[in-house]
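Structural overview
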Amino acid sequence: MNIQEMILTLQKHWSDQNCILMQAYDVEKGAGTMSPMTLLRSLGPEPWNVAYVEPSRRPADGRYGQNPNRLYQHHQFQVIMKPSPHNIQDLYLDSLAALGIDPLKHDIRFVEDNWENPTLGAAGLGWEVWLDGMEITQFTYFQQIGGLEAKPVAVELTYGIERLASYIQDKENVFDLEWTTDVTVGDIFYQPEYEHSTYTFEESNEAMLFDLFSKYEKEAQKTMEKGLVFPAYDYVLKCSHTFNLLDAKGVISVTERTGYIARVRTLAREIAKRYVEERERLGFPMLKQEVSES
Amino acid sequence: MTTNHALLEIGLEEMPSRFIDDAKQQLKERTIDWLNSLRIPFEDIESYGTPRRLAVLVKDVAEKQPDIEEEVKGPSKKIAVDDDGNWTKAAIGFTKGQGKSVDDLYLKEIKGLEYLFVNKYIAGKKTAELLSGWKEIVLGLQFPKNMRWGDLNVRYIRPIRWVTALYGNEVIPLEIAGIVASDQTYGHRFLGKRISLKNPLAYKDALLQQFVVVDSSEREHMIVDGIKELEHNKGWTIPIDQNLLNEVTNLVEYPTVFSGGFSEEFLSVPEEALVTSMKEHQRYFPVRSKKGELLPYFVGIRNGNKEHLDVVAKGNEKVLRARLSDAQFFYQEDQKQSIEKNMEKLNRVVFQEELGTVHDKMKRVVRLTEQLAQHLNVKEETKENARRAAAISKFDLVTNMVNEFTDLQGIMGEKYALLFGENVTTAKAINEHYMPRNAHDSLPETTEGAIVSIADKLDTIIGCLSIGIVPTGSQDPHGLRRQAIGILQILKQQKWNISVEALVEASLSIYQQLGIANREKQEIRKDSYEFFYMRAVYIMREDGIDPDVAKAVLYNGIGHFAFALEKAYVLMDKRQDKTFKSTQEALVRVLNITSEVLDREVDPELFENTFEKNLFQSFTNLLEPYEAALSSFHATRALEALAMMEEPIHQFFDHTMVMADDHKVKENRLSLLSCIAKRIYQFADLTKIEWKQQF
C-alpha cells in the first residue's frame, strides 16, 4: 500500500467514525498537536471529532536527506475525539486492520508513554503503540492543555505516516517509500530536505530570526488582548517555528532556551484561556443540541 | 456454614507495567481488610494482574455475616431511676431507641458507677447484599499516576472498560466508572474472545483458554523456560536481568519467546550502546556466547502465541536495525569531532544556573584535582594525567552517543578519549570519575580516577550547599547524598591521608574566591560537615559498626575517614573483649575527670607520691610509640600504646586525691590528666561507648 492509499484509507476509516476531515493547517508547526484543530478545539466542553494529515517541521532533525530515518519534515495523521469514546482502542486497531495489518500475524502493544509539551502547557497519559517493536502511533488522553484541565477528555492519535509506511512497504530508507505509483518520497522531498537542512544549519539569518521572534511575540500579545484568539495563536505558532530554527542553528544557549520556552508557554496559556472564554461568550455553539434537550 | 466463591475482575486499557504488581497486592490486602471489617469469613484469597486486568478471587466466602449479640450501654443509674425507684424518661427513651422494653434492662458497674445495659441481637446480613461495597475497594486503590477519560469525573490508573463480579454464579450488582458489572470477561486482545464466567473458580482456566495467563509468576516461568530452551538449542548464554524480566512479564498477557539477529558489522559499535538499545529501548534480552562475548542476536517476548512468529521476529529485526544504524551513525559522527570542539560546546551547557556552565565546573574540578594531587604527593605523571582527565572529564556530554544513551556518559568518554589520542590512564580516569555511579557500582581503580571522582563530587556537593540546595527527605535531585557516600567510599578504599574537613575547605575557598556562594561561609562549612557526618555514620552502620562506636570515633569530625573506620573496627572488637575491661575503665576514668583537653605544663617537682611519678613516666614513655602509631594510621598499635597506661592510671586514682587542698598540687595533677586525656581523645571519645563486656 503506498502512502497516498494509506492516507485515503485512514481518512475513510475515521470519516466513518464521524470525524470531520480537515486539511493540514497552513502555518509551520512541529507537530499535528499544535494545529488549532487540536490544541484549541480540544479545550472546553464542546464535542469535537476531527482527522487530518499534518506536515510537521522539526528543523533540528534535518539531515540533508542523508539519513534513512530522520527528516526535517515528516507527516503525521492526526485524530482527535472529544470526549474520548469508550471503544477508542478498538477503533484504532480497526484502522490498522484497514491498513492491512492483521493483528494475529503481528505483535501489537500499548506501551506506557506519557506525553508532555511544556511549550504548550500540555500533558497527557497514554501509550506509544508498538507494531513488532516499532513505535507507529502516539496514543494520548489529554489531561491538560494550555495549562487548563482538559474536560471532557479528548483522545489524540498521532500516526507516524513514514514510520508506518516503512513497515507496510518493507523499506529501509524513508526516501524509497512509494508515495503513489512510480513516485517516491525521495522524488518529492529529497530536494526540500537538502535545501531546508542547508538553510537551517548554514544559511539562516539569525539576526532576522531573533527580530522576527520578538515581533511575532508582540503581535500575538496585542492580537490576543483584542480577544482575537485564532490570529493570536497563528503568531504563537510562528514564534515556535522561529525558535526551532534558532535552536537548530545552535545559537540559543541553554539558559536562554528556558527563557524562550517560558515566553511561548505564557502566550499559549493565555490564548487557551481566552479561547475557552470566547467560546463561552458565544454560548458554546457546538453544544447547542444538548443544551436544547436539557 | 454455606459458602460461595467470589470473583472480581477489573478490565482496563493497558496499565503501565511497573504499577501492576503493586496494584494487585493492594487489591488483595484491601479486600481482606474490608471482608474482615464486615465480619465475613472466607477461606483463601488470591489476586491476579496482567496489563489489561486486575482480579481477586476469594474462596469459600460465608453466605452471611454471623449473627451477633451486642451489649449496648445506656445512661447511668442516677439518671435512669427516680427517687421512687421507677424508670425515668431517659431509661425508657433508651430502651425504645434500641427496640427493646424496660424488662430487658439490666445494670452493670463501670468504674464505680452503675449503668443501664440491654443485650441486642443483630442478625448477620447476607453477603450477597454487602458485596456491592467492593466498588469502594476498587476505586480506593492508590496509583502513582492517575488519569481521567471521556466525560467522567473518575481518576484511575487507566480507563476502566469492563467489570466482572460474581458471587457463586450470581452477578454482584455494582457499577464502577459507568460500567455495570456482569459475568462477562474478555480474553486476549487478538487471540481470545468475550466469554461468560459461570463459576469464579473457573476464572484462571477459562482465561487460559482465551490466551490470558492471569498469574504473573506463571507468565514469568513461560518466559524463563522459553529463554532456557533457546539457550539450549542455539548454544547461547542469555543473561536474565531481573528488572527486565519483571517488566516484560507485565507487558504481556500471553508470552512467547522469540529470537532475531542483526548484522555483525554493528558489533564494531561499543557494546554498551548495543546493549542499551536492546534492553532499554526495545526490551530485548541481549545474547552472549558461552565465553561471554556479545553475539549479533537478541531475544524478545511477544504478546501472543507461536503463529507467524517469523513475521514478528523480522519486524523486530527491522526496528533494531534502524536503532543500531543510528548508534553506528552517531559513533562515526562523534569521531569526526575533537575534544576541543566538544569543550567549546560545553561553554553553552549549563551545569546549574548559579554554578555556571559545565565548562566552569570542570575548571573548578581541575583546581581541586591539582590541590588533591599536591597534597597526596603523587608522582608527576599521575598528577598530569589526573589534571588532564579533570580538564576534559565532561567532553562526552555533548556527543551524539551520550545525547542518545545518557547512561553511557563516561563510558563513551573513555572510548572517545582513546580514539582522540589521550593516554590509557587519562581515558580510564574519565570513565572512573563518575564512579561509584550507584550503591552497587565499583570504585575507581586508578589513582587518577579516584582523585578526579572525589574532586568532581566534592565540587557538586559544596556548590549546591553554597547556594542553599540542601537535600531534604526524599528530595535530592542532584544526588548529593549518593555522591558524598561515593567520596567516603573512595577515601575508605584508598586510605589517603587527607581529612574530609580539609577537602571541604579546599572546595569552599574556591567558591569563595569565585564569589559564587550566597550563604555565609561558616554556615556552609557547618552544613557540609554535618552532611558528610551523616553519610559517614551511614557507611559505618553498613559495615557493622554500631552508632555509639561511630559517634565515639567521629566525635571531633570525620578527619581521616579510613583511619576512623579502623579505630571503629578495633573498638567494636574491644567492647566485647573482657581483657579490655580494665583498660577501658582506666581510660574512661581519665576522661571523666578532665574538663580541658590540652597540653598543660606538668611540674614533676610538685608530685607528692610515686603513683603520680609513675603515671607521668608512663605517659612520657607512651608519647613516641603512640604518635608513631597515629601517624602510620595503625589503630591497633595506637590503642595498645594507650593501654600501657592502664595500671599506672588505676594506681594513681586509687592512691591519689586529685582535688588536693594545695591549689598548685591539684592543678598540677589536673594538668597531667589533661595531657593524657588529649591523647585518648585523639583516638576516640571513649565515654560515648556502651561497653558490653560479658562476664
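Scroll up a little and you will see the structure.
Just so it is clear, the model here is predicted, and its values are computed rather than measured.

Within chain B, the regular secondary structure consists of 27 helices and 17 strands. Over its C-alpha atoms chain B spans a radius of gyration of 37 Å, topping by over 25% the 26 Å that the globule rule assigns to 695 residues. Dimensions of chain B, computed from the C-alpha atoms along their principal axes, are close to 100 × 100 × 50 Å. Long-range contacts, defined here as pairs at least 24 residues apart, represent 69% of the contacts in chain B between residues at least 6 apart. Within chain B, the 104 negative side-chain charges are centred at a point lying 4 Å from the centre of the 89 positive side-chain charges.

Let us now look at the pattern of salt bridges. Residues and elements named next belong to chain B. Inspection of every chain in the model, using the stated rule, returns 54 salt bridges over all chains. A salt bridge links Glu13 to Arg161; the nearest nitrogen and oxygen atoms lie 2.6 Å apart. On the criterion of sequence distance, the pair formed by Glu13 in the loop between strand S1 (3-12) and helix H1 (17-37) and Arg161 in strand S7 (residues 160-167) is long-range, its members being 148 residues apart. The two residues Glu13 and Arg161 agree in class, both being buried. Asp459 is the salt-bridge partner of Arg364, the closest N and O atoms lying 2.7 Å from each other. Residue Arg364 is found in helix H12 (residues 358-376), and its partner Asp459 is found in helix H17 (residues 447-466); the two are separated by 95 residues along the sequence. Neither residue differs from the other here; Arg364 and Asp459 are each classed as buried. The structure contains a network of salt bridges with shared partners spanning Lys361, Arg364, Lys394, Asp456 and Asp459.

Here the focus is empty space enclosed by the protein. Space left empty within the atom packing is revealed by a probe, the size of a water molecule, rolled over the atoms. This structure, assessed with the given rule, holds 3 cavities of 30 Å³ or more. If you add up the space inside the largest cavity, you get close to 110 Å³. In terms of lining, the largest cavity is formed by 15 residues, of which the most central are Asp107(A), Arg109(A), Trp130(A), Gln282(B) and Ile301(B). Taken together, the residues of the lining of the largest cavity break down into 7 nonpolar, 4 polar and 4 charged. When its volume is computed, the second largest cavity comes out at roughly 50 Å³. If you go around the second largest cavity, the residues you meet are Pro103(A), Leu104(A), His106(A), His188(B), Phe190(B), Leu191(B), Arg302(B), Asn303(B), Gly304(B) and Asn305(B).

Many structure descriptions define interface size as the accessible area lost when the parts assemble. Taken together, the contact pairs 46 residues of chain A with 46 residues of chain B. For the pair chain A and chain B, the two sides together bury roughly 3,900 Å², of which 49% comes from carbon and sulfur. Three residues, Leu104(A), Arg109(A) and Glu112(A), lead the burial of chain A against chain B; their summed loss comes to 14% of the area buried on that side. Connecting chain A to chain B are 6 salt bridges.

A separate point is the nonpolar core. Of all hydrophobic cores here, the largest spans 135 residues; its most connected members are Leu491(B), Phe532(B) and Met540(B). For this core, the element with the most residues is H17(B), which contributes 10 residues. Not counting chain neighbours up to four residues away, the residues in contact with Leu491(B) comprise Ile454(B), Trp496(B), Ile498(B), Val500(B), Leu503(B), Phe561(B) and Ala562(B). Residues Cys19(A), Met147(B), Ala165(B) and Ile179(B) belong to the second largest nonpolar core, which totals 85 residues.

The subject of this paragraph is the sheet that holds strand S4 (residues 68-76) of chain B. Residue and element names in this part refer to chain B. On the basis of which strands lie adjacent, the open sheet formed by 3 strands has the order S4-S6-S5 and antiparallel pairing. Edge positions in the sheet fall to S4 and strand S5 (106-110), since each of these pairs with one other strand and no more. Sheet twist, expressed as the average angle between the axes of neighbouring strands with direction ignored, equals 45°. Bridging between S5 and strand S6 (residues 113-122) involves 5 bridges; their strand directions are antiparallel. Bridge pairing links Glu109 to Glu114 in S6.

Let us look at helix H4 (residues 161-168) of chain A. Counted residue by residue, H4(A) has 6 buried out of 8 residues, so it is predominantly covered. Residues of H4(A) that are buried include every one of Ile161(A), Glu162(A), Leu164(A), Ala165(A), Ser166(A) and Tyr167(A), and no others. Each element contacted by the buried residues of H4(A) is listed here: helix H1 (3-16), strand S3 (73-82), strand S6 (122-131), strand S7 (134-145) and strand S9 (155-160) of chain A together with helix H10 (309-336) of chain B. Just beyond H4(A), the residue with positive phi is Asp170(A), at close to 55°.

Estimates place the volume of the second largest pocket at around 560 Å³. Lining the second largest pocket are 27 residues, and of these Asp90(A), Arg52(B), Trp162(B), Tyr186(B) and Arg189(B) sit closest to its centre. Those elements giving two or more residues to the lining of the second largest pocket turn out to be helix H3 (88-98) of chain A together with S7, strand S10 (179-180) and strand S11 (184-186) of chain B. Of the residues forming the lining of the second largest pocket, the biggest block, 5 residues, is contributed by H3(A).

Another point: the packing of H17(B) against helix H20 (residues 521-542) of chain B. All names here are of chain B. Here H17 crosses H20 at 130°, and the two axes come no closer than 9 Å. In this view, H17 runs oblique relative to H20, as classed from their interaxial angle. Crossing geometry of H17 relative to H20 is assigned as right-handed. Here Leu458, Ile461, Ile462, Leu465 and Ser466 of H17 lie close against H20, whose contacting residues are Ile524, Asp527, Ser528, Phe531 and Phe532. Classifying every residue of the contact of H17 with H20 by side-chain character gives 7 nonpolar, 2 polar and 1 charged.

With that settled, consider unusual backbone geometry. For the bond from Lys151(A) to Pro152(A), the omega torsion is -5°, close enough to zero to count as cis. Turning to its location among the elements, Pro152(A) is positioned in the loop between strand S8 (148-149) and S9. A cis amide bond, omega -10°, links Met435(B) with the succeeding residue Pro436(B). Assignment of secondary structure puts Pro436(B) in the loop between helix H16 (424-432) and H17. Phi is positive for Asp170(A), close to 55°, though the residue is something other than glycine. Secondary-structure assignment places Asp170(A) in the loop between H4 and strand S10 (178-180). Accessibility expressed as a relative area gives 46% for Asp170(A), which makes it partly exposed.

In this description, an aromatic ring pair is defined by two values, namely the gap between the centres and the angle between the planes. Tallied over the entire structure, the rule returns 38 aromatic pairs over all chains. Seen in terms of ring centroids, Phe210(A) and Tyr260(A) are 6.4 Å apart; in terms of plane orientation they differ by 40°. Their pairing is tilted. Placement of the pair is Phe210(A) in helix H6 (residues 206-225) and Tyr260(A) in helix H8 (residues 254-281), with a sequence separation of 50 residues. Ring centres of Tyr216(A) and Tyr235(A) lie 5.9 Å apart, and the angle between their planes is 40°; this geometry places the pair in the tilted category. Here Tyr235(A) lies in helix H7 (residues 229-249) and Tyr216(A) lies in helix H6, a separation of 19 residues in the sequence. Connected via pairs of aromatic rings, a cluster forms that spans Phe77(A), Tyr92(A), Phe110(A), Trp127(A), Phe139(A), Tyr141(A) and Tyr159(A). The aromatic ring of Phe531(B) is capped on one face by Arg535(B), whose charged end is 4.5 Å from the ring centroid.

Cut-offs used in this document
- Residues numbered from 1 in each chain as written.
- Chains lettered and ligands numbered in written order.
- Predicted model: local features only at pLDDT ≥ 70, side-chain atom pairs only at ≥ 80, totals over all residues.
- Heavy atoms only, no water.
- Helix = DSSP H or I, 4+ residues; strand = E, 2+ residues; numbered from the N terminus.
- Rg over C-alpha atoms; globule rule 2.2 N^0.38 Å.
- Contact = heavy atoms within 4.5 Å.
- Lys, Arg positive; Asp, Glu negative; His and termini not counted.
- Charge placed at Lys NZ, Arg CZ, Asp CG, Glu CD.
- Salt bridge = Lys/Arg side-chain N within 4 Å of Asp/Glu carboxyl O.
- Buried < 20%, exposed > 50% of the residue type's maximum accessible area, 1.4 Å probe, protein only.
- 1 Å grid on protein atoms, 1.4 Å probe; cavity = no way out; pocket = protein on both sides within 12 Å on 5 of 7 lines; lining within 4 Å.
- Points joined across faces, edges and corners; volume = space filled by probe spheres on them.
- Nonpolar A, V, L, I, M, F, W, Y, C, P; charged D, E, K, R; others polar.
- Buried area = accessible area lost by both parts, 1.4 Å probe.
- Core = buried A, V, L, I, M, F, W, Y, C linked by side-chain atoms within 4.5 Å.
- Pairing = 2+ DSSP bridges.
- Axes fitted to C-alpha atoms, helices over the stretch in contact; angles between N-to-C directions.
- Parallel < 35°, antiparallel > 145°, perpendicular 65-115°, else oblique.
- Left-handed = near helix turned anticlockwise from the far one by under 90°.
- Phe/Tyr/Trp six-rings, centres within 6.5 Å; stacked < 30°, edge-to-face > 60°.
- Lys NZ or Arg CZ within 6 Å of the ring centre and 35° of its normal.

What is shown is where atoms sit, not what they do.
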